[in-house]
Structures are given as structure tokens and as C-alpha cells.
There are 2 protein chains.
Amino acid sequence: MVKDYIQSNKDRFLSELFDWLRIPSVSADSRYKGDVRKAAEFLKNKLSEAGVDRVELSETKGHPIVYAEKIIDPSLPTVLVYGHYDVQPADPLNLWTSPPFEPVINDEKIYARGACDDKGQVYMHVKAFEVMMKHNNLPCNIKFMVEGEEEVGSDNLGTFVKENKERLKADIILISDTALISLEHPSITTGLRGLSYMEVEVTGPNRDLHSGVYGGAVANPINVLCNMIASLHDENGKVTIPGFYDKVAELSAKEREALNRAPFDLNDYKKDLGIDEIKGEKGYSTVERTGIRPTLDVNGIWGGYTGEGAKTVLPSKAHAKISMRLVPNQVSAEITELFTKHFKAIAPSYVKVKVIAHHGGEPAVTSTESPAYQAASRAFQKVWGKTPIPTRDGGSIPIVALFKKELGLETVLMGFGLDSDAIHSPNEHYGVKNFMLGVETIVAFYEQYAQK
Amino acid sequence: MVKDYIQSNKDRFLSELFDWLRIPSVSADSRYKGDVRKAAEFLKNKLSEAGVDRVELSETKGHPIVYAEKIIDPSLPTVLVYGHYDVQPADPLNLWTSPPFEPVINDEKIYARGACDDKGQVYMHVKAFEVMMKHNNLPCNIKFMVEGEEEVGSDNLGTFVKENKERLKADIILISDTALISLEHPSITTGLRGLSYMEVEVTGPNRDLHSGVYGGAVANPINVLCNMIASLHDENGKVTIPGFYDKVAELSAKEREALNRAPFDLNDYKKDLGIDEIKGEKGYSTVERTGIRPTLDVNGIWGGYTGEGAKTVLPSKAHAKISMRLVPNQVSAEITELFTKHFKAIAPSYVKVKVIAHHGGEPAVTSTESPAYQAASRAFQKVWGKTPIPTRDGGSIPIVALFKKELGLETVLMGFGLDSDAIHSPNEHYGVKNFMLGVETIVAFYEQYAQK
């Protein structure tokens with residue numbers, strides 16, 4: 001009957017979500033500040049409509065945090081739901097087949113920025129809560145903490161958590177911001193990578209120069225930046241920053257074997273990405289390269305003339321955004337410092353280098369033994385008819401480590417997305433089926449968890 | 001009395017030039033197409049006011065060519081003046097201290113895009129012609145050919161020249177589009193570098209990816225592009241493209257010694273550019289690196305997220321504009337082909353590479369023995385009281401080689417700019433003194449040349 005209710009309200013659930021997706025809550029771009037707040041207000045209203053006791057926008061130095069709670073009986077266990085209502089920038093816009101903030105359904109998938117990451121997944125929890133309220137079968141207390149700065153490093157959530165430990169008291173944290181292996185192979189994420197996100201500036205001459213008059217006699221900051229970036233990996237795909245791997249937790253042969261048992265088809269993988277060959281750290285499988293190994297990627301680079309046609313300029317500056325994904329037991333602040341020191345150390349005398357740290361986050365591993373994980377596993381078993389596979393996810397939800405540290409709480413990462421959902425890319429989408437099954441599985445989780 | 005006339009008309013000369021500089025004739029950017037034509041019309045009108053027999057806009061596939069002539073006596077020698085009225089793009093705009101298309105005089109210098117390259121220098125010829133007409137002392141025939149596509153490779157001038165050989169008959173070509181060593185050390189350019197301008201695109205995955213989900217397992221096209229660019233130079237600053245140096249004309253010890261006799265102060269050079277160290281091909285001086293050695297520079301690079309804040313994207317594509325300066329006897333088309341072949345050859349199997357050629361031009365060396373060079377030398381002697389030093393310029397005026405080939409004509413490169421004029425850069429400027437002395441020296445050239 002829960003299932004019937006979810007099915008018969010499908011259209012309303014989706015049209016509500018669409019209204020939310022239409023608000024461009026891009027946290028990285030200050031031009032959208034007003035929209036980010038609108039998105040928070042929208043969630044606040046939906047939560048109170050669904051029947052929480054109290055809900056508020058908690059102001060921060062940046063974007064507000066939506067906090068809500070429903071306490072049915074203090075003696076019952078409490079689940080703290082975390083998510084984020086901010087989204088990644090939508091560019092490059094020209095690659096979207098439909099406008100990023102005008103959601104449409106195509107081939108049973110919702111296309112919009114934030115459809116999966118993370119508005120779509122957060123909204124499953126709002127609707128699961130509505131379902132349980134409507135059926136009077138909410139079996140435990142719920143708290144919601146949904147932030148608007150996850151895509152820019154959750155700068156202010158740490159302070160909020162530290163200052164609200166009493167209010168945030170709970171037994172477990174539940175997050176839906178990760179992906180399943182596939183609809184055929186449900187999975188639960190048990191590991192996340194950390195992050196250090198840097199920006200570098202290389203300055204050569206004090207002004208843009210004519211590449212004819214000066215070319216060959218003055219160092220070109222773009223060429224120099226390319227040399228420096230190239231030197232950050234060796235021929236085996238290892239990062240060359242001294243000390244980078246010192247704290248990396250090596251898995252046992254048994255653990256690695258278990259990890260590699262997860263279904264993975266390299267040909268499908270390459271086909272989906274349109275590549276002939278994969279590339280990564282020597283000696284590790286693709287699953288391991290994204291799951292248990294740290295990496296370094298250039299996320300953006302720019303310098304000189306990038307317009308139409310040809311401009312023979314020897315530019316003054318070149319820039320790059322470079323991020324590193326971290327694994328247990330690397331520490332973001334330490335890696336940030338190692339990078340900064342190394343990048344300055346390898347800068348040749350004919351350029352000047354600036355390095356700034358954008359944001360970071362710690363890696364995390366969650367237990368498969370906890371009652372909450374077991375409840376989540378049973379919930380999948382019940383709704384999907386399959387036991388979910390524990391996986392290591394390559395992405396980062398820095399907040400998980402913070403919760404462990406500040407609140408002493410374990411997290412269950414019960415995400416329903418797919419790696420192919422193109423989050424952070426043009427044409428981000430989220431399966432309608434994923435959304436609907438998600439709502440059902442979340443309701444089942446509470447039922448199972450209350451029984452523990 | 002010529003001098004007096006020039007002095008007493010200084011303000012008018014400059015205000016006319018300012019009107020011309022206000023027209024943003026950026027040939028590389030199609031949005032300025034209309035302005036480029038306006039700039040051509042402006043020149044046409046000024047030439048007819050100055051007294052040419054006939055002047056016309058000759059249409060091309062691209063921007064029009066302004067052609068004008070004054071034939072006083074077919075039996076007298078004819079000077080063909082070449083220049084260009086198009087300008088480089090003005091970006092990065094934010095680095096200009098005054099708007100690029102609102103000329104102002106600061107510290108006796110004209111600040112505006114095109115102030116020196118090449119509107120300011122072309123306008124000296126228009127005014128020199130006016131002077132000679134007013135004083136009835138034009139000693140030979142003059143033809144003007146001023147194009148609007150020099151900054152984008154003079155794509156259509158070649159056709160124009162081939163189709164108008166009769167009309168362009170002359171004894172010498174005179175061009176002011178180069179620089180003096182300094183006001184204290186007048187010089188005449190006797191060598192120019194050629195150019196091959198390429199654009200490359202490196203494609204990894206078929207869409208932008210989440211750098212957490214895929215980072216470490218899929219080749220990042222930006223990192224790959226950086227590796228490829230880094231590999232284009234060896235540790236001695238030599239270009240690694242096979243065959244790149246095969247045709248480079250090596251100068252004799254005597255020629256190199258003569259070249260290095262030109263006044264050059266490395267400390268002033270570094271101070272002017274704000275750099276601690278210079279960087280270039282091992283075994284050559286700065287004068288040689290820009291004068292007689294070929295080079296490779298990245299003129300622009302872009303890929304991934306370059307906006308505000310942080311976006312954890314593993315991009316699908318990365319791009320770069322890469323140009324090579326060529327010296328005798330390299331051939332632009334051959335170097336373009338060598339680059340293309342090499343760049344594709346070094347592309348790893350996990351990316352796809354596209355290479356397109358923007359434009360090229362041939363290097364050129366002009367004789368110091370020709371009557372025209374001798375006349376130019378005497379003109380400097382007369383106006384500046386010093387014999388000009390022959391120099392090799394690092395820039396390119398591809399058309400010089402074309403004139404030699406198609407019209408069989410020698411060129412005299414009598415330029416009055418300074419390397420510090422920041423052409424192709426923000427805050428391009430041109431000394432008022434350079435402009436005024438230029439007009440005077442050009443008039444003196446005709447006087448001297450007619451006497452040969």
C-alpha cells in the first residue's frame with residue numbers, strides 16, 4: 001500500500017522535483033546567490049508540507065543550511081539525513097541537448113542540472129518522509145540537514161555541526177549522493193575519496209608580448225605550466241609529488257580481490273566513454289584506480305588568446321585548476337601543503353608561481369557491520385530482491401569524515417544514481433525508475449532500521 | 001620648410017590618426033567586419049584628400065584592400081608602399097589602462113590598439129605624401145597597397161598581387177611595420193621570421209566527466225595536451241619536431257658577430273619585462289634567438305572549467321593555439337606539415353587529436369646593398385644624424401617573401417616603432433616623436449631615392 005501510494009503520486013512527486021530543478025542553485029557562481037536561497041526556501045516549504053515539527057534556514061557566512069526535524073518519541077532511534085541542494089555550474093552550456101534548468105523526461109530519465117546530484121536524491125527522502133507520515137508508520141525520529149555549499153567544499157557546514165552537536169544528536173547518518181553499480185546490481189558505497197583542489201598561476205613577462213619580437217628569448221608561461229603539469233606524473237601514472245603516497249592505506253590481497261569481484265565490463269566502460277584505451281596508475285584495475293588510489297587531474301586550464309582566429313601573443317600569465325582525489329589515510333591539509341611546496345619548488349627561475357587552495361575534504365570508509373548498513377542491505381533485498389554489493393566510490397563527500405569526527409556517527413551511503421548519469425557534466429540526468437525505487441527503498445530502510 | 005610644415009600641422013596629423021584609431025578594425029573577429037571596412041573607407045578618403053590620382057577599395061574574399069596611386073611621370077622610379085589597416089584583438093581588455101579604441105596621449109606616447117601596428121606607421125606615409133604634394137616636391141611615383149588581413153595571415157593579398165602584377169609594377173617596396181633598436185640607435189630591419197600558426201584539439205572521453213568518479217581511470221585530455229606540448233622542446237630549448245631545423249640557414253661566425261654588435265642591454269631587457277631570467281635555445285644570444293633562430297610558442301590554451309571557484313570536472317576536450325616562427329630557408333607549408341605529422345604521431349592511443357593550420361608566412365632577408373636601402377640609410381643619416389644599424393627582426397611580414405616571388409621586388413623595412421611599444425599587447429602605444437620623425441624620414445627617403 002506504500003508502493004501504491006508512491007505509484008499513484010508519481011506525477012506529483014516529479015512535478016514538485018521539476019519545480020525545484022528549475023531554480024539554478026549554482027553555489028560556485030556568486031551571480032546565482034539569490035537562486036541558491038530560493039532553492040533552500042523551496043525545500044523548507046516542502047519539508048513543512050510533508051509534516052516536520054520544525055524547519056528553518058540556518059544562516060551561514062555563505063549559503064544557508066536547511067535544518068528540519070520530526071521527533072515522534074525521544075526514546076526511539078534517530079536518523080540524520082544529509083544532502084545538498086546546491087548544484088555544479090552548468091557550462092559548457094552548448095553541449096546540453098535541453099536547457100540545464102528546464103527539466104524534461106527523455107527515455108524515462110529526468111534531464112536537468114541537479115537531477116541526480118543531489119536535488120533528485122534529496123527529494124526521494126522528502127517524499128519517503130511524506131509517505132511514512134501519510135501512513136502513520138514513521139518508525140523513528142528524523143532530522144534533515146541539507147546544505148547549499150557541497151559543490152564548493154562545504155566551507156560553513158563544519159562550523160554549523162560543531163555549534164549544533166546537541167541538536168544533531170542521532171544514531172546514524174543517511175546520505176543519498178552516490179551511485180549504484182547498475183539497476184541490475186544494486187550496491188552501497190562503503191568508501192569515498194577525499195579532495196584537495198588547487199589553483200595555480202604562472203607568470204612570465206609583466207605583459208602580453210608579441211610572440212615574434214620575443215618568442216624564443218623569453219620563457220612562455222603556458223609552455224612552462226605545461227612542463228610543470230607534465231612533470232606531476234611519472235611514466236607509470238604515479239603522482240610525483242614527494243610524500244604523496246606516504247599515508248595511503250594499502251589494501252590486503254583479499255580486500256582487493258573482493259573489490260574486483262564487483263561486476264565491471266571494460267568494453268562497455270570504454271564504449272560508454274567513447275575511448276579506445278583507458279589510462280591510469282600501473283598495477284591497478286579500473287575499480288581500484290577510482291576506488292582505493294589517489295589521483296591528480298587538471299580540471300581546467302587557460303592562458304593567452306583563446307578567441308576566434310589567430311593572435312600571435314606570448315602571454316604574461318597561464319592558469320590551471322588542479323585537484324587531487326585522496327584515499328584513506330591521506331589528510332587533505334597535508335596533501336594541499338605537499339602540492340604547494342612541490343609546485344613552487346619545481347618552478348623555474350624565469351617564471352613566478354602563485355598557488356592557492358580552493359577546498360579540500362577527507363576520505364572516508366564506512367562499516368559494513370553496522371546495524372544501519374545491515375538495515376540498508378535488507379531494505380535493498382526487500383525492494384530489489386538482491387543483496388547490494390559494497391563498493392568504493394571515487395567521488396568525495398568530505399562531510400562524512402567530519403560527521404565521524406565531530407558527531408561520532410557512522411554514515412550509510414545509500415545512493416541511487418548511476419555513474420552514467422553525467423553528474424558534473426552536460427546533460428546530467430536521473431532515472432525515473434531510480435527515483436521511484438529510491439523512495440520505496442528509503443521507506444523500507446526505516447522499517448528495517450527500527451527493527452534492528 | 002618641410003620640417004616646419006610637419007611641425008605646424010602636428011595637431012591635425014594626430015587628430016586625424018586618432019579618428020582612424022577609434023575604428024576597431026579587428027580582422028580576426030567577425031563581429032568587427034563592418035568596422036574593418038569603415039577603417040578602409042577612412043584611409044581611402046584621406047589618401048584622396050592628400051592628392052592621389054586614383055584610389056579604390058579592392059574587394060577580396062575577406063576584408064578589402066585599399067589601393068591608390070600617384071603617377072607624376074612614368075619614366076621616374078616608382079615606390080610601392082605596403083601596410084595594413086587591420087589590428088590585433090584588444091583582449092585582455094581588463095589590462096588596458098585606457099580603452100583600446102579611445103586613443104589618448106600619455107607621456108608623449110599615443111595609447112591605442114593599432115597606434116604603432118600598423119595604423120600609426122601607415123599614417124606617416126599618408127602624411128609624408130601630403131607634405132610632398134603640398135610642397136610640389138614629390139620626386140617619383142607612389143603606389144599604396146594597404147590590406148586589412150595582415151593580422152590573420154594576409155590570406156587574400158596573394159591573389160590580389162598575382163592578379164594585379166601590371167598595376168603593381170614598381171622599383172621598390174617600402175614598408176613601415178617594424179621597430180627601431182631605440183630613438184638613440186635608429187635601425188633598419190633586414191630580416192624577418194616566417195610563421196606557421198596551428199590549432200590543436202585533444203579529445204579524451206566523449207563528455208565531461210566527474211573527476212571523482214572517473215579520475216585516475218580515464219586519460220585527462222588536459223594532462224595529455226600538457227605532456228604533448230612539454231615534449232615539443234628538449235632540455236636545451238630546441239624544438240623536437242623531426243626535420244624542424246633541417247633547412248635553417250646557419251650564419252657565419254662573422255655574420256653572427258655583426259648581429260651581436262647591435263646595442264643590447266640584458267639587464268634593461270629583463271627589467272622592462274619584469275623577469276629574473278631569460279630562457280631560450282642553448283648556444284645563442286637573445287638577439288640571435290629572436291633574429292636568426294626558429295621557435296615554437298603556445299599562444300593560447302584552454303580546456304575544462306575556467307570560471308569562478310571550483311568544478312571537479314574531467315573534461316572531454318583540451319585546446320591550444322601553437323605557432324612557430326621560421327627563419328631562412330624554412331618553408332611555412334613544410335613546417336606546418338612536419339608539425340601536423342609529429343603532433344599526431346605523439347598522440348597516445350587513449351586520446352584523439354585534431355590539428356588545423358591557421359596561417360603561415362615565409363621568412364625573408366633584404367639586401368643592405370640595394371639603392372633603396374642605401375637611400376633609406378642616408379635619409380636616417382640626414383634626419384637623425386646617425387647611420388641606421390641593420391637588424392634581424394623576430395616578427396613576421398610574410399608578404400615580403402611574396403613580393404619577392406611574385407613581383408621580383410626588393411623591400412625596404414623602414415619601421416619607426418620600438419619593441420617596448422607593446423604591439424599585440426594591452427596598452428599598445430607609439431611615440432609621438434617616432435611618428436613625427438617618421439614622417440620627416442619618409443620624405444627624406446623619397447628625396448634620396450630619386451637621386452639614387
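Residues numbered from 1 in each chain as written. Chains lettered and ligands numbered in written order. Predicted model: local features only at pLDDT ≥ 70, side-chain atom pairs only at ≥ 80, totals over all residues. Heavy atoms only, no water.

Identification of chain A as Dipeptidase from Chryseosolibacter indicus is taken from an unreviewed UniProt entry.

Draft legend 1. Highlighting the environment of V443 of chain A. Residues and elements named next belong to chain A. Counting through the fold element by element, V443 comes out in helix 14 (residues 432-451). Each C-alpha atom of the pair V443 and V2 lies 8.5 Å from the other, and the pair is 441 residues apart in sequence. When sequence neighbours within four positions are dropped, the list of residues in contact with V443 reads V2, A128, V131 and M132. (Helix = DSSP H or I, 4+ residues; strand = E, 2+ residues; numbered from the N terminus. Contact = heavy atoms within 4.5 Å.)

Draft legend 2. Focus on the packing of aromatic side chains. The full count for this structure, using the stated rule, is 27 aromatic pairs over all chains. Relative to F42 of chain B, the ring of W20 of chain B has its centre 6.1 Å away and its plane inclined at 10°; by these criteria the two rings are stacked. With W20 of chain B in helix 2 (residues 10-21) and F42 of chain B in helix 3 (residues 33-50), the pair connects residues that are 22 residues apart, well separated along the chain. Per residue, the accessibility class of W20 of chain B equals that of F42 of chain B, and both read buried. Between the aromatic rings of F445 of chain B and Y449 of chain B, the centroid separation amounts to 5.5 Å while the plane-to-plane angle is 10°, which identifies the pairing as stacked. With F445 of chain B and Y449 of chain B both in helix 14 (residues 432-451), this residue pair falls four residues apart, about one helical turn. By way of ring pairs, the aromatic residues W20, F42 and Y123 of chain A are connected into one cluster. Of note, K238 of chain A hangs over the ring of Y245 of chain A, and the distance from its end group to the ring centre comes to 5.7 Å. (Phe/Tyr/Trp six-rings, centres within 6.5 Å; stacked < 30°, edge-to-face > 60°. Buried < 20%, exposed > 50% of the residue type's maximum accessible area, 1.4 Å probe, protein only. Lys NZ or Arg CZ within 6 Å of the ring centre and 35° of its normal.)

Draft legend 3. The arrangement of the pairing of strand 1 (residues 54-58) of chain B in detail. All names here are of chain B. Pairing of strand 1 with strand 2 (residues 65-70), which is carried by five bridges, proceeds in the antiparallel orientation. Following the sheet pairing, L57 is matched in strand 2 by V66. Counted between consecutive antiparallel strands, the loop separating strand 1 from strand 2 contains six residues. (Pairing = 2+ DSSP bridges.)

Draft legend 4. Examining the pattern of salt bridges more closely. Residue and element names in this part refer to chain B. Within the structure shown, the criterion is met by 62 salt bridges over all chains. The salt bridge involving E49 is made with K46; its shortest N-O contact spans 3.5 Å. One end of the pair, E49, and the other, K46, are both in helix 3, three residues apart, so they sit about a helical turn from each other. For E49, a relative accessible area of 57% gives the class exposed. Among the salt bridges present, the one from R256 reaches E288, with a minimum N-O distance of 2.5 Å. One end of the pair, R256, is in helix 8 (residues 253-259); the other, E288, is in helix 10 (residues 286-291), with 32 residues separating them in the sequence. Here R256 falls in the partly exposed class, since its relative accessible area comes to 25%. In this structure E288 comes out as buried when scored by relative accessible area, which is 3%. (Salt bridge = Lys/Arg side-chain N within 4 Å of Asp/Glu carboxyl O.)

Draft legend 5. Quick peek at the UniProt feature "domain: Peptidase M20 dimerisation" (unreviewed entry) in chain A. Feature annotation in UniProt assigns "domain: Peptidase M20 dimerisation" (unreviewed entry) to the following positions: residues 191-350 of chain A. Helix and strand shares over residues 191-350 of chain A are 31% and 22% respectively, and the end C-alpha atoms of the span are 43 Å apart. (UniProt positions renumbered as here; feature names shortened; annotations may be inferred.)

Draft legend 6. View of the domain arrangement of chain A. Residue and element names in this part refer to chain A. For chain A, the domain assignment lists domain 1 (2-192 + 364-450) and domain 2 (194-248 + 294-361). Look at where the C-alpha atoms of domain 1 and domain 2 centre, and you get two points 35 Å apart. Counting from both sides, the interface comprises 10 residues of domain 1 and, opposite them, eight residues of domain 2. Note on domain 1 versus domain 2: buried area summed over both sides is about 560 Å², and carbon and sulfur give 55% of it. (Domains from an automatic or database assignment. Buried area = accessible area lost by both parts, 1.4 Å probe.)

Draft legend 7. Geometry of the nonpolar core. With 71 residues, the main nonpolar core has W20, F435, F445 and Y446 of chain B as its most contacted residues. Looking at which element gives the most residues to this core, the answer is helix 14 of chain B, with 11 residues. F445 of chain B has contacts with V79, L174, A372, A375, A376, A379 and M414 of chain B, leaving out every residue within four places of it along the chain. By size, the runner-up hydrophobic cluster in this structure holds 70 residues, among which are F42, I110, Y123 and F435 of chain A. (Core = buried A, V, L, I, M, F, W, Y, C linked by side-chain atoms within 4.5 Å.)

Draft legend 8. Representation of the relation of the copies chain A and chain B within the structure. Each copy superposes on the other: chain A lies on chain B with an RMSD of 0.0 Å after a rotation of 180° and an axial shift of 0.0 Å. The superposition operator between the copies reduces to a two-fold rotation axis. (Least-squares fit on C-alpha atoms with pLDDT ≥ 70 in both.)

Draft legend 9. Representation of the packing of helix 2 of chain B against helix 4 (residues 119-134) of chain B within the structure. Residues and elements named next belong to chain B. The geometry of helix 2 relative to helix 4 is characterised by a closest axis approach of 11 Å and an angle of 140° between their N-to-C directions. Classified by the angle between their axes, helix 2 and helix 4 sit oblique to one another. The two elements helix 2 and helix 4 cross, and the hand of that crossing is right-handed. Each of R12, F13, E16, L17, W20 and L21 in helix 2 lies in contact with helix 4, whose residues at this interface are K119, G120, V122, Y123, K127, E130 and V131. When its residues are assigned to classes, the contact of helix 2 with helix 4 shows seven nonpolar, one polar and five charged. (Axes fitted to C-alpha atoms, helices over the stretch in contact; angles between N-to-C directions. Parallel < 35°, antiparallel > 145°, perpendicular 65-115°, else oblique. Left-handed = near helix turned anticlockwise from the far one by under 90°. Nonpolar A, V, L, I, M, F, W, Y, C, P; charged D, E, K, R; others polar.)

Draft legend 10. Representation of the sheet that holds strand 12 (residues 295-304) of chain B within the structure. Reading across from one edge, 15(A)-10(A)-14(A)-12(A)-12(B)-14(B)-10(B)-15(B) is the order of the eight strands in this open sheet, with antiparallel pairing throughout. Sheet topology places strand 15 (352-361) of chain A together with strand 15 (352-361) of chain B at the edges, where each strand pairs with a single neighbour. Within the sheet, the average angular offset between the axes of one strand and its neighbour, ignoring direction, is 20°. Relative to strand 15 of chain B, strand 10 (residues 194-203) of chain B runs antiparallel, the two being bridged by nine bridges. By the bridge assignment, V202 of chain B is partnered in strand 15 of chain B with V353 of chain B. Lying on the sheet, helix 11 (residues 332-345) of chain A is in contact with strand 10 (194-203), strand 12 (295-304), strand 14 (317-326) and strand 15 of chain A; it crosses strand 10 of chain A at an angle near 20°.

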